[in-house]
Amino acid sequence: MVLAPLLIAVLGSVSVDDAAIAAQARQAFAEGLSLRGDPVKGKARFRTAAELYEQLHERGYSSAALYRSQGNAALLAGDLPRAVLAYRRGLRHAPADRALQEGLAAAREEVAQKAGGLGRPAGDDRPPWLPHVGFALWSFVLSLGAYSLGWLLLARWGMTGRSDMLAAGLTALLLACAVAALLGLATVYEQRANAGILVVIARNDLPLRLGNGESYTSRYREKLPRGAEARLLFRRNNWLQIELSGGEVGWVPLSAVLID
Amino acid sequence: MTSLLLALLLPALADEPFEPPSAGRPDNFRGAVGLFRIQAGARNPRVAVNQPIRFTVRITADAGVPMMAAPVRPEIDRDPAFKQSFHIEAPEPDSKKDGNVWEFYYLLKPKSEKVTEIPELSFAFFNPRFGADPRGYQELTADPIPITVTPAAVELPSVEPKGDVKTYPETIRQTADDEEVLRRQHPWVFPGGGWLAASLLLPPLIGLAWLLIWRRFYPDAARLARLRRSRAARDALKALQCVGAAQQADAVAGIIGLYLSRRFDLPATSPTPGEVEAHLRDSGLADELRQQATALLQTCDALRFSPMPAADSGSLVQAARELILALETWTWSSRPS
């Protein structure tokens, strides 16, 4: 148990302190799972795990695995805002990660249960046949490889005159273009979903105000639930102007939100 | 003497804009000119993680020295010692002025239980009694304030369902291995215009270059490529590749005869040289090619039926190949456009 963080530190060029934090987070998570009969204590352990993962994030670590673990810990601790933030961070790294998608869906479902018409999670407007896979390095290289192979086969057809070379070359080119078009479209949807700086409401029943101050009235009768997602438009001192998924714009205090 | 003059003149100059010397200016000097004292205090030095501590910085101006530029709000959010340990916010209102006393308020939220104090705070000002002497810059420090940070308070759920009935997917109850967590990755960014253009243009350019270089080194191969479109020529050339040393004249004669019958509609599959010449003349074939074909078949016949040992194998096969190439070239070039 003690050797594991040391080994990770030595082999992975990670500081021993950071490796110890990761180990503590994993252990806290496991303890939370074992305390299913005592939800209060269990949630406390999950909360500790989520905070430890947040420390790793602040120390510069960034990976889909880190944010998936943090999101799961936060969700199981009942911390919806931090769970949503973590899952969204993770999906930027790996849009096709099923675990991250499931976690975000679970968190959003809880948010939607508490939301009235304001702050409801954005619907997914992408076509159902479009996969949650944007362009990654491997898919870009694969498409480029097929594209290059197609041209080389066509060149070979020019040398030999063989019809099978022509057929193979055209097939490779068409395949590369089709895959690139599909992944490109998926990338456009992903970038649209991640446009701007993410803001997650961290306080329940938060009014969306007309201006940057407590003296301004709430724009709507409904209040924002914890975990609602928004996009940062402008910051003025300790107040943020945000835009919700439904297009509503208003001001919230900095202390009531989490900012990516 | 100079000090006395300054002491007499400073009150009169109090309303005049005063520019402290640039030499010797501390990095944290923010323009305060006068003589000041600084104090710092925390209202609630015992808090849980992420709970706010109300931190007050009080700066008092000495009445004995004219104050020519008021102190501004200390930027503790730029101080690494504060940033490392606290989330820093400002309450409303964030400051107050009462006569010659300025109070600046902050909300400090400790990031972890390891935070044990609010760090010391330094404040720089310039004493105008020193005139242009850089020794007029003075820096005071408010002592650090010990605090106690307790673990974060557990937020009890308002409505506790029977047991934990939330049916999360199984993936929610999983956590990643430490090696996967301790990575510093960056989301991959799609390459910009220049790289994308290069990725799209380079493969066809490489293919074209390969084709041109290949044609330069293998000029006949291009002709062969066209020949392969002719199945009769394809089959004949393929058959010639398989001709062995034994009974080579027989084989070559048979291959040429079959090729001529398929390509030029020669009636007989084993024509005599005379039949070939007559048919090719009627076909309108060029004289040179007709003679080349006839000569090859005559050579084959001579070798087949001659009691003498067979000639060098390579020359017959090569001659047959060249004949087929020449006939195909003539055929393709004489096609109506």
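Residues numbered from 1 in each chain as written. Chains lettered and ligands numbered in written order. Predicted model: local features only at pLDDT ≥ 70, side-chain atom pairs only at ≥ 80, totals over all residues. Heavy atoms only, no water.

This part covers helix α6 (residues 231-241) of chain B. Residues and elements named next belong to chain B. Where α6 is concerned, the buried positions are A232, A233, A236, L237 and L240. Down the axis of α6, the buried side of the element spans an arc of 125°, and every buried residue falls inside it. Turned more than 90 degrees from where α6 packs its buried face, R231, K238 and Q241 sit exposed. (Buried < 20%, exposed > 50% of the residue type's maximum accessible area, 1.4 Å probe, protein only. Helix = DSSP H or I, 4+ residues; strand = E, 2+ residues; numbered from the N terminus. Arc of directions from axis to C-beta.)

Looking now at the sheet that holds strand β3 (residues 239-244) of chain A. Residues and elements named next belong to chain A. The antiparallel open sheet is built from five strands, whose spatial order is β4-β3-β2-β1-β5. If you trace the sheet from one side to the other, it starts and ends with β4 (249-253) and β5 (257-259), each paired once. Taken over all neighbouring pairs, the strand axes of this sheet differ in orientation by 45° on average, direction set aside. Where β3 meets β4, five bridges bridge the pair, whose relative direction is antiparallel. Within the sheet, the bridge partner assigned to Q241 lies in β4 and is W251. Most of the contacts of helix α5 (residues 80-93) go to strand β1 (residues 198-201), to which it runs at about 160°, and overall it touches β1, β2 (229-236) and β5. (Pairing = 2+ DSSP bridges. Axes fitted to C-alpha atoms, helices over the stretch in contact; angles between N-to-C directions. Contact = heavy atoms within 4.5 Å.)

Let us now look at the confidence of the model for chain B. All names here are of chain B. On average, residues of chain B score 82 in pLDDT, and 84% of them are at 70 or above. Contacts for the low-pLDDT stretch residues 156-165, under 50 throughout, to residues beyond four places or in other chains number two contacts. Both confidence scores are given for the complex: pTM 0.52, ipTM 0.76. (pLDDT = per-residue confidence, 0-100.)

This part is about the packing of aromatic side chains. Scanning the model with the defined rule gives 13 aromatic pairs over all chains in all. For the ring pair Y147 of chain A and W151 of chain A, a centre distance of 6.3 Å and an interplane angle of 80° mean the geometry is edge-to-face. Of this pair, Y147 of chain A and W151 of chain A both sit in helix α7 (residues 137-160), four residues apart, which is roughly one turn of that helix. Three or more aromatic residues link up through ring pairs in this structure, and these residues are F36, W102, F123 and F125 of chain B. Looking at R54 of chain B, its charged tip hangs above the ring of Y105 of chain B, at a distance of 4.6 Å from the centre. Looking at R184 of chain B, its charged tip hangs above the ring of Y61 of chain A, at a distance of 4.0 Å from the centre. (Phe/Tyr/Trp six-rings, centres within 6.5 Å; stacked < 30°, edge-to-face > 60°. Lys NZ or Arg CZ within 6 Å of the ring centre and 35° of its normal.)

The next thing to look at is the interface of chain A and chain B. Contact with chain A, which involves 60 residues of that partner, is made by 49 residues of chain B. In total, chain A and chain B occlude about 4700 Å² of area from one another, counting both sides; carbon and sulfur atoms represent 62% of this. The partner of R26 of chain A in a salt bridge is D178 of chain B, and the shortest N-O contact between them spans 2.8 Å. One can count 17 residue pairs in polar contact (both at pLDDT 80 or more) joining chain A with chain B. (Buried area = accessible area lost by both parts, 1.4 Å probe. Salt bridge = Lys/Arg side-chain N within 4 Å of Asp/Glu carboxyl O. Polar contact = N/O pair within 3.5 Å; in protein donor to acceptor, adjacent residues only side chain to side chain.)

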